[in-house]
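Examination of the molecular architecture
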Amino acid sequence: MKQDSTRNAAYTVDCEDYVHVIKFNPFDSGDACSLTAYGGNNYVVVGTCRFQEEDAEVEGMQYKTLRTFCHGIRVDAIARSPETRLDALPPQIRFCTAASDRKLRLFTSDLQDKNEHKKGQ
């Protein structure tokens, strides 16, 4: 992770494409890291980040991608479910997205074998 030297406590994460929306998980996910999701033209990337302001052992910021989900269209909004837990066995990731096609998409994953995607009619 690179620290932006022009601003205090600003960090950047390299992404493969444009980022149109980002969402930090407002709920306790059972892990010391902050759970994030960002959406681009055709995908949603779920990851964790830990900041030096929260953990003295971290230098700057640590970011880790957990899973990339194919979305098929530009992501305009992301909402997290309070059911998302990283400390569960297996872990449970659940979020909903919205796009310009006026359809909601619900994603559920155990970060292993189970990856479900349901699209509204």
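Everything in this summary refers to the structure shown in the same document. Values in this document were obtained by computation on a predicted structure and should not be read as measured data.

A word on the sheet that holds strand β3 (residues 21–24). Sheet strands line up and pair through hydrogen bonds in the backbone, either parallel or antiparallel. Spatially, four strands are ordered β3-β4-β5-β6 in an open sheet, and the strand pairing comes out antiparallel. The open sheet has two edge strands with one neighbour each: β3 and β6 (61–70). Strand-to-strand, the axes of this sheet are offset by a mean angle of 20°, without reference to chain direction. In this sheet, β6 lies alongside strand β5 (residues 43–51) in antiparallel orientation, the contact comprising nine bridges. In the sheet register, F51 faces β6, and the bridge partner there is M61.

The next point concerns the layout of surface pockets. Size it by volume and the largest pocket reaches roughly 250 Å³. In the lining of the largest pocket, the residues fall into 11 nonpolar, two polar and no charged.

This brings us to the packing of aromatic side chains. Tallied over the entire structure, the rule returns five aromatic pairs. Ring centres of F69 and F107 lie 5.6 Å apart, and the angle between their planes is 65°; on these two criteria the pair is classed as edge-to-face. Linking F69 in strand β6 with F107 in strand β9 (residues 104–109), this pair joins segments that are 38 residues apart in sequence. For F69, a relative accessible area of 6% translates into the label buried. Ring pairs connect the aromatic residues F69, F95 and F107, which therefore count as one cluster.

Turning our attention to the sheet that holds strand β10 (residues 115–119). With respect to topology, four strands assemble into an open sheet ordered β7-β8-β9-β10, the strand pairing being antiparallel. In the strand order of this sheet, the two ends are held by β7 (77–80) and β10, each with one partner. Averaged over all adjacent pairs, the angle separating strand axes in this sheet is 20°, with direction ignored. With four bridges connecting them, β7 and strand β8 (residues 93–98) associate as antiparallel partners. Considered in β8, the bridge of I78 is made with T97.

Okay, a nonpolar patch on the surface next. The grouping of V19, I22 and F24 at the surface amounts to a nonpolar patch, some 270 Å² of accessible area in total. Residue placement: V19 occurs in the loop between β2 (11–12) and β3.

Let's shift gears to unusual backbone geometry. Cis geometry marks the peptide bond from L89 to P90; its omega dihedral reads -5°. Its location among the elements puts P90 in the loop between β7 and β8. A positive phi is found at R102, a non-glycine position, where the angle reads about 65°. Tracing the sequence through the fold places R102 in the loop between β8 and β9. In this model, L111 sits at a positive phi of 60°, which is unusual for a non-glycine residue. Assignment of secondary structure puts L111 in the loop between β9 and β10.

Definitions and cut-offs
- Residues numbered from 1 in each chain as written.
- Predicted model: local features only at pLDDT ≥ 70, side-chain atom pairs only at ≥ 80, totals over all residues.
- Heavy atoms only, no water.
- Pairing = 2+ DSSP bridges.
- Helix = DSSP H or I, 4+ residues; strand = E, 2+ residues; numbered from the N terminus.
- Axes fitted to C-alpha atoms, helices over the stretch in contact; angles between N-to-C directions.
- 1 Å grid on protein atoms, 1.4 Å probe; cavity = no way out; pocket = protein on both sides within 12 Å on 5 of 7 lines; lining within 4 Å.
- Points joined across faces, edges and corners; volume = space filled by probe spheres on them.
- Nonpolar A, V, L, I, M, F, W, Y, C, P; charged D, E, K, R; others polar.
- Phe/Tyr/Trp six-rings, centres within 6.5 Å; stacked < 30°, edge-to-face > 60°.
- Buried < 20%, exposed > 50% of the residue type's maximum accessible area, 1.4 Å probe, protein only.
- Patch = residues over 30% accessible without salt bridge, like charges linked within 9 Å, V, L, I, M, F, W, Y side chains within 5 Å.
- Areas by Shrake-Rupley, 256 points an atom, 1.4 Å probe, with all protein chains shown as cover.
- Salt bridge = Lys/Arg side-chain N within 4 Å of Asp/Glu carboxyl O.

Shape descriptors only; they carry no functional weight alone.
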